[in-house]
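Residue-level structural notes
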There are 2 protein chains.
Amino acid sequence: MPKGILGTNESMLPLPRRPIVVRRLHGAEPCASCDARPNSVCSAIDDRDLERLAAVAVVSKAEPGRAFINEGERATSFFNVTAGTARLFKLLPDGRRQITGFAGAGHFLGLAVSDTYAFSAEAIGLVFYCRFARPRLREVLDDFPALERRLLGVASNELVAAQEQMLLLGRKTAKERVASFLLARSVETPPCTGPVQRLSLPMTRSDIADYLGLTIETVSRTLTRLKMDRVIGIPNISDILIHDQHALEALAGCGG
Amino acid sequence: MPKGILGTNESMLPLPRRPIVVRRLHGAEPCASCDARPNSVCSAIDDRDLERLAAVAVVSKAEPGRAFINEGERATSFFNVTAGTARLFKLLPDGRRQITGFAGAGHFLGLAVSDTYAFSAEAIGLVFYCRFARPRLREVLDDFPALERRLLGVASNELVAAQEQMLLLGRKTAKERVASFLLARSVETPPCTGPVQRLSLPMTRSDIADYLGLTIETVSRTLTRLKMDRVIGIPNISDILIHDQHALEALAGCGG
DNA sequence: CGAGCAATTGAGACAAGTCAAAGCTGGTGG
DNA sequence: CCACCAGCTTTGACTTGTCTCAATTGCTCG
């Protein structure tokens with residue numbers, strides 16, 4: 001079990017400076033041309049009503065390593081990631097970290113009744129996102145029930161994923177956790193299907209460890225073992241080749 | 001880490017017979033007189049519209065140990081627990097079990113976009129609940145946006161709780177897990193506030209273990225140690241006295 | 001080319017798991 | 001009313017998967 005002081009030796013950037021607001025345009029432009037819209041809740045809104053949504057969206061970006069949501073702070077906004085990947089996490093007072101998920105393009109963040117954020121979000125690499133002031137989005141939701149319905153769907157799916165992750169954290173072995181993680185990434189990476197699938201892992205080993213409830217060393221050793229067993233290939237630090245999908249599924253124990 | 005074949009030695013009842021339908025009344029009666037309504041999503045509907053909801057609710061009960069939701073089965077209904085407590089869990093193929101939560105009076109179950117249930121629900125003791133056929137509830141939701149909004153709130157809260165549980169499962173020690181569990185139960189048990197709070201634990205040690213990602217033995221040993229340290233008292237198997245709330249909070253590391 | 005950081009590898013420690021044996025407790029029947 | 005059974009819980013002795021600590025290797029970028 002996690003014993004030591006830190007569950008992470010993640011770089012702590014000195015200044016969590018406020019992220020930069022990139023632009024705030026009029027018209028439907030930012031939403032109409034958004035690459036992430038098809039995968040996001042925003043697709044619940046028709047093209048012709050898009051101006052309404054765009055009017056309350058503030059397009060922003062966060063530099064690598066920068067936090068744009070801080071656990072415990074007053075929750076004034078919702079977010080929608082449009083490009084890049086963010087790590088979502090909670091900390092214990094002594095610095096142990098649990099990553100609860102990774103948010104990619106289309107991911108909606110900030111759902112909570114509470115008036116403070118329940119987790120932090122930090123950019124891995126460069127992250128672009130839309131920010132919606134809560135009261136403004138509330139108004140839009142009143143006008144577009146389809147959007148609210150869509151949010152309920154998103155929340156339900158996240159809940160299912162969270163339960164799957166609880167199973168992983170509470171009952172799976174290190175090998176099963178790593179296998180499950182790779183599989184889950186693999187189903188989220190449909191493009192470029194060939195004989196062997198290539199995964200790119202934008203996050204560090206430390207991120208993976210804190211997501212799977214393990215240490216960096218155990219993640220590294222487990223990946224090495226999977227490589228030795230010819231189940232995966234590791235051409236470089238941030239890429240994984242899945243040589244034997246079936247073996248991986250058998251190791252994962254079950255879904256996800 | 002969990003190693004052996006079983007994460008549980010829970011009694012497996014031989015026949016998961018269908019639970020008994022108790023009654024299906026006309027008028028607003030079952031909902032209007034429902035003890036669980038104040039704590040449940042149903043309170044989003046006005047007294048005068050209650051007939052509408054009551055018309056689609058089927059009041060049922062499940063005997064102790066009986067399952068009324070089975071992971072993987074076609075999800076045809078939503079549920080609302082009105083009395084008793086149910087354990088919600090997921091299983092691995094070899095029988096290891098992770099309890100993802102306990103559902104008490106007012107708890108809404110079955111939120112999922114997927115067409116199969118993501119978890120099982122089993123009665124601990126006698127459980128009463130309302131069952132709503134999905135399409136019927138869908139119609140009610142269309143008529144009462146407040147109910148749908150309420151559901152989004154419920155889902156958001158569950159998501160926050162799930163993230164807290166991931167932190168517990170991924171990064172906390174056995175002592176911290178047990179302390180967190182007792183504290184969480186204590187905040188959900190506001191009545192009868194005295195110098196020492198009395199918790200009743202309707203679930204078995206095996207349930208607690210499978211909820212906290214531990215074994216029965218570790219749960220038992222940890223409770224004993226807390227008793228030795230005068231932090232809690234254990235008058236009998238299903239009751240806990242909290243002698244030192246502050247010590248418990250310090251041990252829990254943080255919230256929940 | 002070398003500083004700096006992330007990842008890997010090795011050796012040893014320990015928290016929690018496994019296996020096994022009592023101890024309780026509640027229900028049943030003689 | 002008590003003996004006995006069955007199941008849950010507690011306790012003890014030992015094992016082990018994962019963590020900790022400590023190098024070493026490998027990348028990236030100036």
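Refer to the structure printed above.
In short, a report on the structure. (Residues numbered from 1 in each chain as written. Chains lettered and ligands numbered in written order. Predicted model: local features only at pLDDT ≥ 70, side-chain atom pairs only at ≥ 80, totals over all residues. Heavy atoms only, no water.)

1. What about the pairing of strand S2 (residues 57-62) of chain B?
Residue and element names in this part refer to chain B. With five of six residues buried, S2 lies mostly within the body of the structure. In terms of strand pairing, S2 meets strand S7 (residues 120-133) through six bridges, oriented antiparallel. Looking at the pairing, valine 58 lines up with arginine 131 of S7. (Buried < 20%, exposed > 50% of the residue type's maximum accessible area, 1.4 Å probe, protein only. Helix = DSSP H or I, 4+ residues; strand = E, 2+ residues; numbered from the N terminus. Pairing = 2+ DSSP bridges.)

2. As for the nonpolar core
Phe181(A), Leu182(A), Leu248(A), Phe181(B), Leu182(B) and Leu248(B) are the most contacted members of the largest nonpolar core, which has 62 residues in total. Leu151(A), Ala155(A), Val56(B) and Val140(B) belong to the second-largest nonpolar core, a separate cluster that totals 48 residues. (Core = buried A, V, L, I, M, F, W, Y, C linked by side-chain atoms within 4.5 Å.)

3. Examining the sheet that holds strand S8 (residues 197-200) of chain A
Residue and element names in this part refer to chain A. Taken together, the three strands give an open sheet; going across it, the order is S8-S10-S9, and neighbouring strands pair in antiparallel fashion. Every other strand in the sheet has two partners, leaving S8 and strand S9 (232-236) as the edge strands with one partner each. Between one strand and the next, the sheet's axes are offset by a mean angle of 25°, whatever the strand orientation. Across four bridges, the pairing between S8 and strand S10 (residues 239-242) is antiparallel. Directly across from leucine 199, in S10, lies its bridge partner isoleucine 240. Packed onto the sheet, helix H5 (residues 174-187) meets S8, S9 and S10 and runs at close to 100° relative to S8. (Axes fitted to C-alpha atoms, helices over the stretch in contact; angles between N-to-C directions. Contact = heavy atoms within 4.5 Å.)

4. Things to note about the interface of chain A and chain B
A common way to express how large an interface is: the accessible area buried when the components associate. Contacts between chain A and chain B engage 50 residues on the former and 50 residues on the latter. One can count 10 salt bridges joining chain A with chain B. Arg96(B) is paired through a salt bridge with Glu176(A); the nearest N and O atoms lie 2.6 Å apart. Scanning the region where chain A abuts chain B turns up 18 residue pairs in polar contact (both at pLDDT 80 or more). With 20 residues, helix H4 (residues 145-171) of chain A is the largest single contributor of residues to the side of chain A that touches chain B. When the residues that make up the side of chain A that touches chain B are grouped by side-chain class, the tally is 23 nonpolar, 12 polar and 15 charged. (Salt bridge = Lys/Arg side-chain N within 4 Å of Asp/Glu carboxyl O. Polar contact = N/O pair within 3.5 Å; in protein donor to acceptor, adjacent residues only side chain to side chain. Nonpolar A, V, L, I, M, F, W, Y, C, P; charged D, E, K, R; others polar.)

5. A closer look at the sheet that holds strand S8 (residues 197-200) of chain B
Sheets are built from strands that pair by backbone hydrogen bonding, the pairs being arranged parallel or antiparallel. Residue and element names in this part refer to chain B. Spatial strand order, S8-S10-S9: three strands in an open sheet with antiparallel pairing. A single partner strand is all that each edge strand has here, and the edge strands are S8 and strand S9 (232-236). Strand after strand, the sheet turns through a mean of 25° between neighbouring axes, direction not considered. Of the strand pairs in this sheet, S9 and strand S10 (residues 239-242) are connected by three bridges, and their pairing is antiparallel. Paired with glycine 233 across the bridge in S10 is leucine 241. Contacts from helix H5 (residues 174-187) reach S8, S9 and S10 within the one sheet, and its direction differs from that of S8 by about 100°.

6. Considering the packing of helix H3 (residues 134-143) of chain B against helix H4 (residues 145-171) of chain B
For any two helices packed against each other, one specifies the inter-axial angle together with the distance between the axes. All names here are of chain B. Between H3 and H4, the shortest axis-to-axis distance is 5 Å and the interhelical angle comes to 110°. Considered as vectors, H3 and H4 are oriented roughly perpendicular to each other. On the side of H3, the interface is formed by Arg138, Val140, Leu141, Asp142 and Asp143, while H4 contributes Pro145, Leu147, Glu148 and Leu151. Tallied by class, residues from the contact of H3 with H4 come to five nonpolar, no polar and four charged. (Parallel < 35°, antiparallel > 145°, perpendicular 65-115°, else oblique.)

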